[in-house]
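Listed below are the residues making up each chain.
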Amino acid sequence: LPAAAAAQDKPASAEFYAQFYHALASGRGHIDPQLLENKRRLGDAIERDLIAPWKKNHGRAPSILALGAGKAPAERVWHERGHAVTFHDCQEDSLADVHRCCPGANFLIGDLHQLASDNRYDFVAMIGLDYVMNRREFTEFISQAARWLDADGQIIVYCASTLSFRQAAVEIAKHCLGVYRRQP
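Procedures and definitions
- Residues numbered from 1 in each chain as written.
- Predicted model: local features only at pLDDT ≥ 70, side-chain atom pairs only at ≥ 80, totals over all residues.
- Heavy atoms only, no water.
- Helix = DSSP H or I, 4+ residues; strand = E, 2+ residues; numbered from the N terminus.
- Buried < 20%, exposed > 50% of the residue type's maximum accessible area, 1.4 Å probe, protein only.
- Contact = heavy atoms within 4.5 Å.
- 1 Å grid on protein atoms, 1.4 Å probe; cavity = no way out; pocket = protein on both sides within 12 Å on 5 of 7 lines; lining within 4 Å.
- Points joined across faces, edges and corners; volume = space filled by probe spheres on them.
- Pairing = 2+ DSSP bridges.
- Axes fitted to C-alpha atoms, helices over the stretch in contact; angles between N-to-C directions.
- Parallel < 35°, antiparallel > 145°, perpendicular 65-115°, else oblique.
- Left-handed = near helix turned anticlockwise from the far one by under 90°.
- Nonpolar A, V, L, I, M, F, W, Y, C, P; charged D, E, K, R; others polar.
- Salt bridge = Lys/Arg side-chain N within 4 Å of Asp/Glu carboxyl O.
- Right-handed = clockwise from strand over helix to strand, strands pointing away.

Enquirer: How should I be thinking about the overall build of the chain in this particular structure?
Expert: Along the backbone of the chain there are seven helices and five strands. Counting from the amino terminus, the chain carries its helices and strands in the arrangement α-α-α-β-α-β-α-β-β-α-β-α. Split into buried and exposed, the 184 residues of the chain put 36% on the buried side. Considering only contacts in the chain between residues 6 or more positions apart, those separated by 24 or more positions represent 56%.

Have a look at this one:
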């Protein structure tokens, strides 16, 4: 795609995704149905293990901000189960089906790094979104996402990159231990 060829270091831009979803809609390529099914299963697991217990403890359906949702196979599960989901993506094409399938849902369109929300959420979900950020951006963005949480809110991070997962785990360990190594 032209946007990927022109990118310096981040081909995952709004322009790239607009071209990508346009290519899919025009019959150039397809999304593997097994990938969609696996993401739906992931949405089920997150709902069962994190969201449903939260709902039981708080006596209400949670509000969820689903960042970089794309076609939202995992995130749709939460909407289907009656949770208030706000779907986000960097451009509208990927969310077109979600608009049709999820009446009553809220939508935010825009660059992740420019995103501003006055709302507070019980969950901020980032499924496979880490790959569009370098380590510094990822760390800064986690801090930004934490500011969108309501009391007892949680951030859900499902990493596409094992390096991102490792770095997130290291940062959490450092925070919990209160220890930061002096040597790299």
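Enquirer: Any chance you could explain the layout of surface pockets here in plain terms?
Expert: The gaps of empty space that remain are located by a probe, the size of a water molecule, rolled over the atoms. Here the largest pocket defines a volume of roughly 710 Å³. Every residue lining the largest pocket is counted, 30 residues in all, and those nearest its centre are Tyr17, Gly68, Asp89, Leu129 and Tyr131. For the lining of the largest pocket, the secondary structure elements donating two or more residues are helix 2 (14–25), helix 3 (33–58), helix 4 (73–80) and strand 2 (84–89). When residues in the lining of the largest pocket are grouped by element, the largest group, five residues, is from helix 2.

Enquirer: Can you help me understand the sheet that holds strand 4 (residues 121–127) in this one?
Expert: Strand pairs in the sheet, formed through backbone hydrogen bonds, run parallel or antiparallel to each other. Across the sheet, which stays open at both edges, the five strands sit in the order 3-2-1-4-5 with parallel pairing between neighbours. Edge positions in the sheet fall to strand 3 (106–109) and strand 5 (149–158), since each of these pairs with one other strand and no more. The average angle at which neighbouring strand axes cross in this sheet is 15°, direction not considered. Where strand 1 (residues 63–67) meets strand 4, four bridges bridge the pair, whose relative direction is parallel. Opposite Leu67, over in strand 4, you have Met126 as the bridge partner.

Enquirer: Would you explain the packing of helix 3 against helix 4 in this entry?
Expert: The relative placement of two packed helices comes down to the angle between their axes together with the axis-to-axis distance. Direction vectors running N to C along helix 3 and helix 4 enclose 45°, while the axes themselves pass 7 Å from each other. Judged by the angle between their axes, helix 3 and helix 4 are oblique. As helix 3 packs across helix 4, the resulting crossing turns out to be right-handed. In this structure, helix 3 uses Leu36, Lys39, Arg40, Gly43, Asp44, Ile46, Glu47 and Ile51 to contact helix 4, whose residues at the interface are Pro73, Ala74, Val77, Trp78 and Glu80. Within the contact of helix 3 with helix 4, the residues separate by chemical class into seven nonpolar, one polar and five charged.

Enquirer: What is the right way to look at the pattern of salt bridges in this model?
Expert: When their charged atoms lie close together, side chains carrying opposite charge are able to pair. According to the stated counting rule, one finds nine salt bridges in the structure shown. For Arg81, the salt bridge is made with Asp44, and the minimal N-O distance between the two is 2.6 Å. Here Asp44 lies in helix 3 and Arg81 lies in the loop between helix 4 and strand 2, a separation of 37 residues in the sequence. A relative accessible area of 41% means that Arg81 is categorised as partly exposed. Asp97 serves as the salt-bridge partner of Lys71, at 3.5 Å between the closest nitrogen and oxygen. Note that Lys71 is positioned in the loop between strand 1 and helix 4 and Asp97 in helix 5 (residues 96–101), a separation of 26 residues in sequence. Relative accessible area serves as the criterion here: at 26%, Asp97 is assigned to the partly exposed category.

Enquirer: Help me understand the pairing of strand 4 in this model?
Expert: A regular strand places its side chains on the two faces of the sheet in alternate fashion. Buried residues dominate strand 4, accounting for seven of its seven residues. In terms of strand pairing, strand 4 meets strand 5 through six bridges, oriented parallel. Bridge pairing in strand 5 links Val124 to Ile155. Taking the sense of rotation as the criterion, the β-α-β connection linking strand 4, helix 6 (residues 135–146) and strand 5 turns out right-handed.

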